[in-house]
Amino acid sequence: MLLNISSSPISHRNPHFLSNFNNPISYFPRRSKTHLSKSHLFPKFTPLSNQTLKNRVLFGNKRCPDGERFDFRARAISGIDLGSFESVLEAIAVLTTIIVVHESGHFLAASLQGIHVSKFAIGFGPILAKFDYNNVEYSLRAFPLGGFVGFPDNDPDSGIPIDDENLLKNRPTLDRSIVVSAGIIANVIFAYAIIFVQVLSVGLPVQEAFPGVLVPEVKTFSAASRDGLLSGDVILAVDGTELSRTGPDAVSKIVDIVKRNPKSDVVFRIERGNKYFDIRVTPDKNFDGTGKIGVQLSPNVRITKVRPRNIPETFRFVGREFMGLSSNVLDGLKQTFFNFSQTASKVAGPVAIIAVGAEVARSNIDGLYQFAALLNINLAVINLLPLPALDGGTLALILLEAVRGGKKLPVEVEQGIMSSGIMLVIFLGLFLIVKDTLSLDFIKEML
């Protein structure tokens, strides 16, 4: 998803679409209306939780499940496959719902306090459809990867006096803090609600791990198919190295060896039914010089669903899952900041998010629960960061104002801080869109 443009009470516009980001309130200096806008950029998809679902990463031109938990990390993606149109629509629907929830948090927090709101937009760019209700313009815009809530602060066309106490900029710091943080709170509540519904409707997945890596699918005319691998095979060892029960590590080990050996034999120890034997596979050379064999890989696990037996157990399950997801998001964010040189390439944009969501929908519809919950938590955490163009940056400016005894920073200074952050996020967002688009399987095949 992209970015949140957040700023002082004056103009926030935000496209949502990157992947570990957030949600800033952006300050647009020229026509100073306030917009609480959001953009979601998630630096990387962290594993979903302690539960396990089938998770896929691209291996060659296909995807392979990457771990005991649902690991949505873009780092594992060597190519991106959007798959069926239906699954893409499901992924877009999840992202759009999260955007609506986030923006609704800002909108309701302002409206319930009697603060003037002028716009509620889903998407950004040219308006496709709109209607007015109670002096608020509701619109659907061309690019459905973001949204914003607009406030008529300093808007000469609003007809509202600039000293009106119900303008956002004229409200006390507490009122403004509630409005700015409401989107984050809405995403946290929504994530908890999603997990609650998952626990009650389908239960939580529990897995038992077995040695080796499962091959769920072999692509026709691929190196694996040509050299004898079949769907349902279990790879017990690769080039003499036995694979453990820890799915993600085992899958990564195979992927790494295959990538390092284009046009060179790789020996797999195979279990097929009750038979054990070796198969030599010669990986094809990918366009980037790495090897590929055209299979899906997943941890060799059996998954069962566990449902709570009573209400207290339901809340225990939900709480444990929510804390597990939150911990994974925080761990991923920490790795991104403290090991940026190695994690920068793992940052995912809106295209990659939709691709992963579509893959989740195709492989296991239950996974959409955790996918949606993860995105909500990711967005909330990123937006809390005290960085320009994020909700956390706006909250930091409000806190600074409070420390200064209610004295605001000069408009030019505040505008410069937020504008620089917004431009950085926009450029990063465009870069990730281009990068992720070029990673799509059908694009790579045309290049």
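Residues numbered from 1 in each chain as written. Predicted model: local features only at pLDDT ≥ 70, side-chain atom pairs only at ≥ 80, totals over all residues. Heavy atoms only, no water.

Undergrad: Account for the overall build of the chain, with residues named and values stated.
TA: Assigned secondary structure in the chain consists of 11 helices and 14 strands. Looking at the chain as a whole, 55% of its 447 residues are labelled buried. Of the contacts formed within the chain by residues at least 6 apart in sequence, a portion of 66% connects residues at least 24 apart. For the chain, the computed accessible surface area is about 19,000 Å², with 61% contributed by carbon and sulfur atoms. (Helix = DSSP H or I, 4+ residues; strand = E, 2+ residues; numbered from the N terminus. Buried < 20%, exposed > 50% of the residue type's maximum accessible area, 1.4 Å probe, protein only. Contact = heavy atoms within 4.5 Å. Areas by Shrake-Rupley, 256 points an atom, 1.4 Å probe, with all protein chains shown as cover.)

Undergrad: I'd like a rundown of helix α5 (residues 311-338), residues and numbers included.
TA: Over its 28 residues, α5 extends 40 Å from the first C-alpha to the last, a length consistent with the 40 Å expected when each residue adds 1.5 Å. A side-chain oxygen of the first residue of α5 lies 2.8 Å from the backbone nitrogen of E313; this N-cap is N310. (Expected span 1.5 Å × (residues − 1). Polar contact = N/O pair within 3.5 Å; in protein donor to acceptor, adjacent residues only side chain to side chain.)

Undergrad: Pulling in residues and values, what's your account of the UniProt feature "transmembrane region" (unreviewed entry) in the chain?
TA: Following the UniProt record, the feature "transmembrane region" (unreviewed entry) maps to residues 178-200 and 416-434 here. The span residues 178-200 carries 100% helix and 0% strand; its end-to-end C-alpha distance comes to 31 Å. (UniProt positions renumbered as here; feature names shortened; annotations may be inferred.)

Undergrad: I'd like a rundown of a nonpolar patch on the surface, residues and numbers included.
TA: On the surface, F337, F338 and L387 cluster together to form a nonpolar patch covering roughly 360 Å² of accessible area. In this fold, F338 is placed in helix α5. Given a relative accessible area of 72%, F338 falls into the exposed group. (Patch = residues over 30% accessible without salt bridge, like charges linked within 9 Å, V, L, I, M, F, W, Y side chains within 5 Å. Salt bridge = Lys/Arg side-chain N within 4 Å of Asp/Glu carboxyl O.)

Undergrad: Summarise unusual backbone geometry; cite the residues concerned and give the values.
TA: With a phi close to 55 degrees, N134 is a non-glycine residue in the positive phi region. For N134, the location among the structural elements is in the loop between β5 (119-133) and β6 (136-151).

Undergrad: Hey, could you go over the packing of aromatic side chains for me, with residue numbers and the actual values?
TA: This structure, assessed with the given rule, holds 6 aromatic pairs. Look at F196 and F315: their rings are 5.4 Å apart centre to centre, the planes differ by 50 degrees, and that puts the pair in the tilted class. Here F315 lies in helix α5 and F196 lies in helix α2 (residues 173-201), a separation of 119 residues in the sequence. F315 sits in the partly exposed class, given a relative accessible area of 43%. Among the aromatic residues, those joined into a cluster by ring pairs are F107, F120, F131 and Y138. (Phe/Tyr/Trp six-rings, centres within 6.5 Å; stacked < 30°, edge-to-face > 60°.)

Undergrad: Residue-level account of the environment of K130, with values.
TA: Inspection of the secondary structure assignment puts K130 in strand β5. A C-alpha to C-alpha distance of 8.7 Å links K130 and R141, two positions 11 residues apart in sequence. Apart from residues no more than four positions distant in its own chain, K130 is found in contact with E137, Y138 and S139.

Undergrad: Give a detailed account of helix α8 (residues 367-384), specifying residues and quantitative values.
TA: Taking 1.5 Å of rise per residue, 18 residues should cover 26 Å, and α8 covers 26 Å from first to last C-alpha, within 8% of that figure. Extensive coverage of α8 is indicated by the burial of 16 of its 18 residues.

Undergrad: Requested: an account of the environment of S118, with residues and values cited.
TA: For S118, the location among the structural elements is in the loop between α1 (85-111) and β5. For S118, a relative accessible area of 16% corresponds to the buried category. When the C-alpha positions of S118 and N135 are compared, they lie 6.5 Å apart, and in sequence the two are 17 residues distant. Not counting the four nearest positions on each side in its chain, S118 is found in contact with N135, V136, E137, G150, F151 and P152.

Undergrad: Residues and numbers for the environment of V180, please.
TA: One can find V180 in helix α2. Note on V180: relative accessible area 4%, which makes it buried. It is 8.5 Å that separates the C-alpha atoms of V180 and A109, two residues lying 71 residues apart in sequence.

Undergrad: Break down the nonpolar core for me, with residues and values.
TA: In this structure, V94, I195, F371, L375 and I377 are the most contacted members of the largest nonpolar core, which totals 34 residues. When contributions to this core are tallied by element, the ones reaching two or more residues are α1, α2, α5, α7 (350-363) and α8. The element best represented in this core is α8, accounting for 10 residues. Counting 23 residues, the second-largest nonpolar core is a separate cluster that includes V215, A224, I254 and V295. (Core = buried A, V, L, I, M, F, W, Y, C linked by side-chain atoms within 4.5 Å.)

Undergrad: Tell me about the side chain of D175, and name the residues and values.
TA: Counting through the fold element by element, D175 comes out in helix α2. Classification of D175 as buried rests on a relative accessible area of 16%. A distance of 3.0 Å separates the side chain of D175 from the side chain of R171, its partner in a polar contact.

Undergrad: Could you give me a rundown of the pattern of salt bridges, with the residues and numbers involved?
TA: Per the stated rule, a full pass over the model turns up 9 salt bridges. Two residues, E137 and R141, come together in a salt bridge whose shortest N-O distance is 3.6 Å. Using a relative accessible area of 11% as the deciding quantity, one classes R141 as buried. One salt bridge connects R226 with D227, and the closest N-O pair in it is separated by 3.9 Å.

Undergrad: Would you mind going over the pairing of strand β8 (residues 234-238) in detail, with residue names and values included?
TA: Of all the 5 residues making up β8, 5 are buried; the element is thus mostly covered by neighbouring parts of the structure. As defined by bridge partners, strand β7 (residues 204-218) adjoins β8 across 2 bridges and the pair is classed as antiparallel. Bridging across to β8, V213 finds its partner in I235. In the sheet, β8 pairs with strand β10 (residues 266-272) via 4 bridges, with the strands oriented antiparallel. Residue I235 lies in a different strand from β10, and its bridge partner there is I270. With 2 bridges connecting them, β8 and strand β9 (residues 241-242) associate as antiparallel partners. In the sheet register, A237 faces β9, and the bridge partner there is E242. Adjacent in sequence and paired antiparallel, β8 and β9 are bridged by 2 residues, among which D239 carries a positive phi angle near 50 degrees. (Pairing = 2+ DSSP bridges.)

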